[in-house]
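Here are the chains, one letter per residue:
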Amino acid sequence: MPSIVWGCNTLGSAGLLWPALPLLLRRYWTDDEANVQRFPLFVSIDGTYQPTLLMATNLRFSADIQVIQNVRDETACNGVTDGYCWLSHHYKMLLQLFFECLKAPRLIFIEEDLAVAPDFFNYFAATAPLMDQDRSILCISAWSDQGQEGRASNSTALYRTDVMPGLGWMLTASLGLEALPGWPGAAWDEYLRDQGFIKGRQCVFPEVPRTHTFGEKGASGGLGYKDHLENMVLNK
């Protein structure tokens with residue numbers, strides 16, 4: 001089950017990846033030795049910004065991770081500077097690479113601004129079979145929009161939602177291949193929340209989040225970060 005940490009083409013991305021990746025690698029190497037076999041780890045960098053690429057490459061030599069560079073088609077976004085356009089093209093490349101070319105059975109996407117819980121990988125190992133058993137499940141997410149302190153306490157509880165949460169999430173090959181023909185040039189997350197694609201399917205998420213975002217700045221411009229996202233708990 002490949003796990004992908006992806007980053008963008010900016011200095012800001014390098015600044016986010018630096019705290020995110022060492023923490024992820026500590027979870028990856030120390031929590032369970034089986035992680036290396038169960039979850040081969042890739043870092044996918046969008047573009048050619050050298051500090052971001054250099055940081056990822058240095059970690060590759062020290063941590064046995066694979067680095068992917070997505071070389072942008074500069075005409076793809078037709079001069080649009082909105083980061084969501086490049087995000088969407090990056091996601092599409094990863095879906096094509098891992099599902100069409102490498103025939104991976106499923107993928108875990110880990111955004112560049114996420115801290116992960118100690119049981120992050122075990123959480124996905126435990127929930128992956130649900131997607132094979134229940135075709136009404138669209139994705140498994142490590143995030144909970146209701147994960148504030150005082151509201152989230154049961155670390156074993158799982159729920160279902162009609163809205164794809166993102167922020168550390170798993171998709172199967174069959175669903176990824178189904179999504180590719182209609183994949184949009186932007187607003188990829190809204191596409192995965194549109195009933196035209198999801199057809200009544202739902203995502204599973206935990207009561208207590210297994211990810212925490214520290215990305216106050218990003219494509220969303222920090223929308224809702226101080227009021228909502230910053231105060232989420234992380235499973236211990």
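In what follows, the structure referred to is the one given above.
Bear in mind that the values here come from a model prediction, so they are computed numbers and not experimental data.

A. Summary view of the overall build of the chain. Broken down by element type, the chain carries eight helices and 10 strands. A burial count over the chain gives 51% of its 236 residues as buried. In the chain, the share of contacts with a sequence separation of at least 24, taken over all contacts with a separation of at least 6, comes to 77%. Summed over all atoms, the accessible surface of the chain reaches about 10,900 Å², with 53% contributed by carbon and sulfur.

B. Spatial organisation of the state of the cysteines. Here the structure, examined in full by the defined rule, presents two disulfides. With its sulfur 1.8 Å from that of its partner, Cys77 forms a disulfide with Cys85. Residues Cys77 and Cys85 share a disulfide whose torsion about the S-S bond is about -100 degrees; that sign makes it left-handed. Its relative accessible area of 4% is what places Cys77 among the buried residues. Using a relative accessible area of 6% as the deciding quantity, one classes Cys85 as buried. The side chain of Cys139 participates in a disulfide bridge whose partner is Cys203; the two sulfur atoms lie 2.1 Å from each other.

C. Molecular detail of the packing of aromatic side chains. Per the stated rule, a full pass over the model turns up 13 aromatic pairs. Centre to centre, the rings of Tyr91 and Trp169 are 5.9 Å apart; their planes meet at 45 degrees, and the pair counts as tilted. One end of the pair, Tyr91, is in helix α4 (residues 83-101); the other, Trp169, is in strand β8 (residues 169-172), with 78 residues separating them in the sequence. Residue class for Tyr91 comes out buried when judged on its relative accessible area of 2%. Taken together, a centroid distance of 5.1 Å and an interplanar angle of 70 degrees make the contact between Phe120 and Phe124 edge-to-face. Here the residue Phe120 and the residue Phe124 both occupy positions in helix α5 (residues 120-133), the gap between them amounting to four residues, near one helical turn. On the basis of relative accessible area, Phe124 is assigned to the buried category, the value being 0%. An aromatic cluster is built from Phe39, Phe120, Phe121, Tyr123 and Phe124, whose rings are joined through pairwise contacts. The ring of Phe197 is capped by Arg201, whose NZ or CZ atom sits 5.4 Å from the centre of that ring.

D. A look at the pairing of strand β2 (residues 41-46). Burial within β2 is extensive, with six of its six residues counted as buried. Burial along β2 is two-sided: the face carrying Leu41, Val43 and Ile45 and the face carrying Phe42, Ser44 and Asp46 are both buried. Both β2 and strand β3 (residues 66-70) contribute to a ladder of five bridges, which runs parallel. Note on β3: the bridge partner recorded for Phe42 is Gln66.

E. Geometry of the environment of Glu178. With respect to the element layout, Glu178 can be found in helix α6 (residues 173-179). Assessed through its relative accessible area of 32%, Glu178 is described here as partly exposed. For Glu178 and Phe197, which are 19 residues apart along the polypeptide, the C-alpha to C-alpha distance reads 8.7 Å. A distance of 2.7 Å separates a polar atom in the side chain of Glu178 from a polar atom in the side chain of Arg201.

The rules behind these values
Residues numbered from 1 in each chain as written. Predicted model: local features only at pLDDT ≥ 70, side-chain atom pairs only at ≥ 80, totals over all residues. Heavy atoms only, no water. Helix = DSSP H or I, 4+ residues; strand = E, 2+ residues; numbered from the N terminus. Buried < 20%, exposed > 50% of the residue type's maximum accessible area, 1.4 Å probe, protein only. Contact = heavy atoms within 4.5 Å. Areas by Shrake-Rupley, 256 points an atom, 1.4 Å probe, with all protein chains shown as cover. Disulfide = S-S within 2.5 Å. Phe/Tyr/Trp six-rings, centres within 6.5 Å; stacked < 30°, edge-to-face > 60°. Lys NZ or Arg CZ within 6 Å of the ring centre and 35° of its normal. Pairing = 2+ DSSP bridges. Polar contact = N/O pair within 3.5 Å; in protein donor to acceptor, adjacent residues only side chain to side chain.

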